[in-house]
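# Inside the fold
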Amino acid sequence: MACSSVVKLNAASSSWTAGQKSVVNQRPGSASRFPARRVSVVRAGSYTDELIKTAKSIASPGRGILAIDESNATCGKRLDSIGLDNTETNRQAYRQLLLTTPGLGEYISGAILFEETLYQSTTDGKKFVDCLSDQNIVPGIKVDKGLVPLPGSNNESWCQGLDGLASRSAEYYKQGARFAKWRTVVSIPCGPSALAVKEAAWGLARYAAISQDNGLVPIVEPEILLDGDHPIERTLEVAERVWSEVFYYLAENNVVFEGILLKPSMVTPGAEHKEKASPDTVANYTLTMLRRRVPPAVPGIMFLSGGQSEAEATLNLNAMNQTPNPWHVSFSYARALQNTVLKTWQGRPENIDAAQQSLLIRAKANSLAQLGKYSAQGESDEAKKGMFVKGYTY
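Within every chain, residues take consecutive numbers counted from 1 along the sequence as written. Given that the model is predicted, a residue must reach a pLDDT of at least 70 before its local features are reported, and side-chain atom pairs must reach 80 or more before they are shown or counted; all residues, however, enter totals for whole chains, interfaces and linings. The side-chain values count all of the structure's non-hydrogen atoms but skip hydrogen atoms and water molecules.

### Section: the pairing of strand β11 (residues 300-303)
- Note on exposure labels: buried denotes an accessible area under 20% of the residue type's maximum, exposed denotes more than 50%, and partly exposed covers the range between, all computed with a 1.4 Å probe on protein chains only. Helix numbering and strand numbering both begin at the N terminus, where a helix is a DSSP run of H or I of at least 4 residues and a strand a DSSP run of E of at least 2. Judged by which residues are buried, β11 turns out to be covered on both faces: Gly300 and Met302 on one side and Ile301 and Phe303 on the other are all buried.
- Strands qualify as paired when DSSP identifies two bridges or more between them. As paired strands, strand β10 (residues 261-262) and β11 are joined by 2 bridges and run parallel to one another. Residue pairing in the sheet places leucine 261 in a bridge with glycine 300 of β11.
- Taken together, β10, helix α9 (residues 279-293) and β11 form a β-α-β motif whose crossover is right-handed. When the strands point away from the viewer and the path from the first strand over the helix to the second turns clockwise, the crossover is right-handed.

### Concerning the packing of aromatic side chains
- Aromatic rings from Phe, Tyr and Trp, with only the six-membered ring used for Trp, were paired whenever their centres fell within 6.5 Å, and each pair was classed as stacked if the ring planes differed by under 30 degrees, edge-to-face if by over 60, and tilted otherwise. Scanning all chains against the criterion turns up 8 aromatic pairs.
- With 5.4 Å between their ring centres and 20° between their planes, tyrosine 94 and tryptophan 345 make a pair best called stacked. One end of the pair, tyrosine 94, is in helix α3 (residues 88-99); the other, tryptophan 345, is in helix α11 (residues 335-345), with 251 residues separating them in the sequence. Tryptophan 345 matches tyrosine 94 in its accessibility class, with the two residues each being buried.
- Summarising the aromatic geometry, the rings of tryptophan 182 and tyrosine 207 are spaced 5.4 Å apart at their centres and angled 20° between planes, so their arrangement reads as stacked. Of this pair, tryptophan 182 sits in strand β8 (residues 179-186) while tyrosine 207 is found in helix α7 (residues 194-213), placing the two residues 25 residues apart along the sequence. Both residues of the pair, tryptophan 182 and tyrosine 207, count as buried.
- Here the aromatic residues Trp202, Tyr248 and Tyr249 are joined through ring pairs into a cluster of three or more.
- Lying over the aromatic face of tyrosine 173, arginine 178 brings its terminal NZ or CZ to 3.7 Å of the ring centre. Charge-over-ring placement is defined geometrically: NZ (Lys) or CZ (Arg) within 6 Å of the ring centre, and within 35 degrees of the ring normal.

### Quick notes on the sheet that holds β11
- Strands sit in the order β3-β4-β5-β8-β9-β10-β11-β12 around a closed barrel of 8 strands; the barrel is parallel.
- Pairing between strand β9 (residues 217-224) and β10: 2 bridges, direction parallel. Residue isoleucine 219 lies in a different strand from β10, and its bridge partner there is leucine 261.
- The contact criterion used is simple: two residues touch if any of their non-hydrogen atoms lie within 4.5 Å. Between N-to-C directions, angles cover 0 to 180 degrees, with each direction set by a line fitted to C-alpha atoms, over the stretch in contact for helices. Each of β3 (64-68), β4 (108-113) and β12 (328-333) is contacted by helix α12 (residues 352-370), which is oriented at about 155° to β12, the strand it contacts most.

### Thoughts on the side chain of serine 358
- In this fold, serine 358 is placed in helix α12.
- Residue serine 358 is classed as buried on the basis of its relative accessible area, which comes to 12%.
- If we ignore the near neighbours within four places in the chain, the residues touching serine 358 are Thr340, Val341 and Thr344.

### Some remarks on the packing of helix α2 (residues 72-80) against α3
- Where α2 contacts α3, the two axes come as close as 11 Å, and the packing angle between them is 80°. Taken together, the axis directions place α2 and α3 in an arrangement best described as roughly perpendicular. Every residue of α3 that contacts α2 at Asn72, Cys75 and Leu79 is listed here: Asn90, Arg91, Tyr94 and Arg95.
- Each residue belonging to the contact of α2 with α3 can be placed in one class, and the counts come to 3 nonpolar, 2 polar and 2 charged. When describing relative orientation, an angle under 35 degrees is termed roughly parallel and one over 145 degrees roughly antiparallel, while 65 to 115 degrees is termed roughly perpendicular and anything else oblique. Asp, Glu, Lys and Arg are counted as charged, while Ala, Val, Leu, Ile, Met, Phe, Trp, Tyr, Cys and Pro are counted as nonpolar; the rest, among them Gly, fall into the polar class.

### Structural notes on the pairing of strand β5 (residues 138-142)
- Burial of β5 is extensive: 5 of the 5 residues sit out of reach of the surface.
- Covered by surrounding structure in β5 are Val138, Gly140 and Lys142 together with Pro139 and Ile141, the residues of both alternating faces.
- Alignment of β4 against β5, held across 4 bridges, turns out to be parallel. Directly across from alanine 111, in β5, lies its bridge partner proline 139.
- Alignment of β5 against β8, held across 3 bridges, turns out to be parallel.

### A look at the nonpolar core
- With 106 residues, the main nonpolar core has Tyr207, Phe247, Leu250, Leu262, Phe303, Tyr333 and Trp345 as its most contacted residues.
- Counting residues per element, this core draws most heavily on helix α8 (residues 232-252), which supplies 11 residues. Buried residues of nine kinds, namely Ala, Val, Leu, Ile, Met, Phe, Trp, Tyr and Cys, make up a nonpolar core once their side-chain atoms join them within 4.5 Å.

### Digging into the environment of glutamine 370
- Tracing the sequence through the fold places glutamine 370 in helix α12.
- What makes glutamine 370 buried here is its relative accessible area of 8%.
- Discounting chain neighbours no more than four positions away, the residues touching glutamine 370 are Pro61, Gly62, Arg63, Leu317, Asn321, His328, Val329 and Ser330.

### A look at the confidence of the model for the protein chain
- Per-residue confidence from the predictor is reported as pLDDT, which spans 0 to 100. Residues with a pLDDT of 70 or more make up 85% of the protein chain, whose mean pLDDT is 88.
- Contacts for the low-pLDDT stretch residues 1-35, under 50 throughout, to residues beyond four places or in other chains number 56 contacts.

### A short note on the pattern of salt bridges
- Within this document, salt bridges are pairs made up of a side-chain nitrogen of Lys or Arg and a carboxyl oxygen of Asp or Glu, the two lying within 4 Å of each other. By the definition in use, this model includes 13 salt bridges.
- Glutamate 116 serves as the salt-bridge partner of arginine 95, at 3.2 Å between the closest nitrogen and oxygen. With arginine 95 in helix α3 and glutamate 116 in helix α4 (residues 115-118), this residue pair connects regions lying 21 residues apart in the sequence.
- Taking relative accessible area as the criterion, arginine 95 reaches 1% and is therefore assigned buried.
- Close ionic contact of arginine 292 with glutamate 240 constitutes a salt bridge, the shortest N to O distance being 2.6 Å.

### Things to note about the environment of phenylalanine 179
- By the element assignment, phenylalanine 179 lies in strand β8.
- The class for phenylalanine 179 is buried, based on a relative accessible area of 0%.
- For phenylalanine 179, the contacting residues outside a window of four places in its chain are Ile58, Ile65, Gly110, Ala111, Ile112, Val138, Pro139, Gly140, Ile141, Leu216, Val217 and Ile219.

### Quick look at unusual backbone geometry
- Here glycine 191 and proline 192 are connected by a cis peptide whose omega angle stands at -10°.
- Mapped onto the secondary structure, proline 192 falls in the loop between β8 and α7.
- Positive phi, close to 60°, is recorded for asparagine 155, a residue that is not glycine.
- Within the secondary structure, asparagine 155 is located in the loop between β6 (147-149) and β7 (157-159).
- We note that glutamine 346 has phi near 60°; this positive angle belongs to a residue other than glycine.
- The partly exposed category is assigned to glutamine 346, whose relative accessible area is 29%.

Right, here's the structure in full:
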């Protein structure tokens, strides 16, 4: 590993925390043995205290994130699966069903919204952000502009959206958003190439710095796709490499670790691998990776489901919370919270109450998993169905 050290100063608490490397005090005349170290000091900005408070609020016991930030095109695919047209009215109706579910705040601490949803209201005229705030749920916003081909790579992608991000983030903050999400991806079957890993890490770091500068807690999400037939050991190897790069560039960009959240993939075999890993195995490999790469200063690890079945994602999360962790280990699920809900609703007003109950059941199950108290007894067959889609895009 490289010898350069990164030391972070949290000015809000005046405490020092070390990053991946430790600082070696150099004695006079020892330059030939120890090269000069570069020390990067993170100074508190105008939002630092608020960022730390927001991150801690989202990373609160027994709660996680509801991700409903699908693009209009992806939301249209979901609606099409139940026979509904992809119109703003139908998208608004579905999101209203989710965001006005009574009691949701008991299990959900944050909700990631698409830009359209951030500015929408209920049919009664109440802003969606106010619906969330009334239940102590922090509104968040997807800020990336999607994936495009990465020239010079092995058929890999990079995430666009840095242009104009500062001004957009400032507007999102005014609208009530307090955290942000940026999703980039890494493909194991495609390498991943050093270029793709560095591009993903650098883009995430620049986004995180810009978000914090505008009052938004950044969710850092380099999704390692499930695509492939590789074993779990290969996933661990790639995950460690990716997260090492990510934290190096986060430090280079003076990001306050106490004011971020992570949204990693669980360490699993490729979706097409011949052997499926048990929840205990997934937990062991995933926590090993996190302990090796993630500083304890980070308040929360909010896992993505990545195409796992509803029950599978919950079981794996529960296994990771059987022993104490240095961070809040929780969920940021989209399909693994919404799949049964959508199928229950079917676009019919008379099914809204039943659909909201379905959401509460899944949210409560994952709340219990965050506390390490979940049991799969009584789970429906629908909840056990896998949702992996090869080459899935948002």
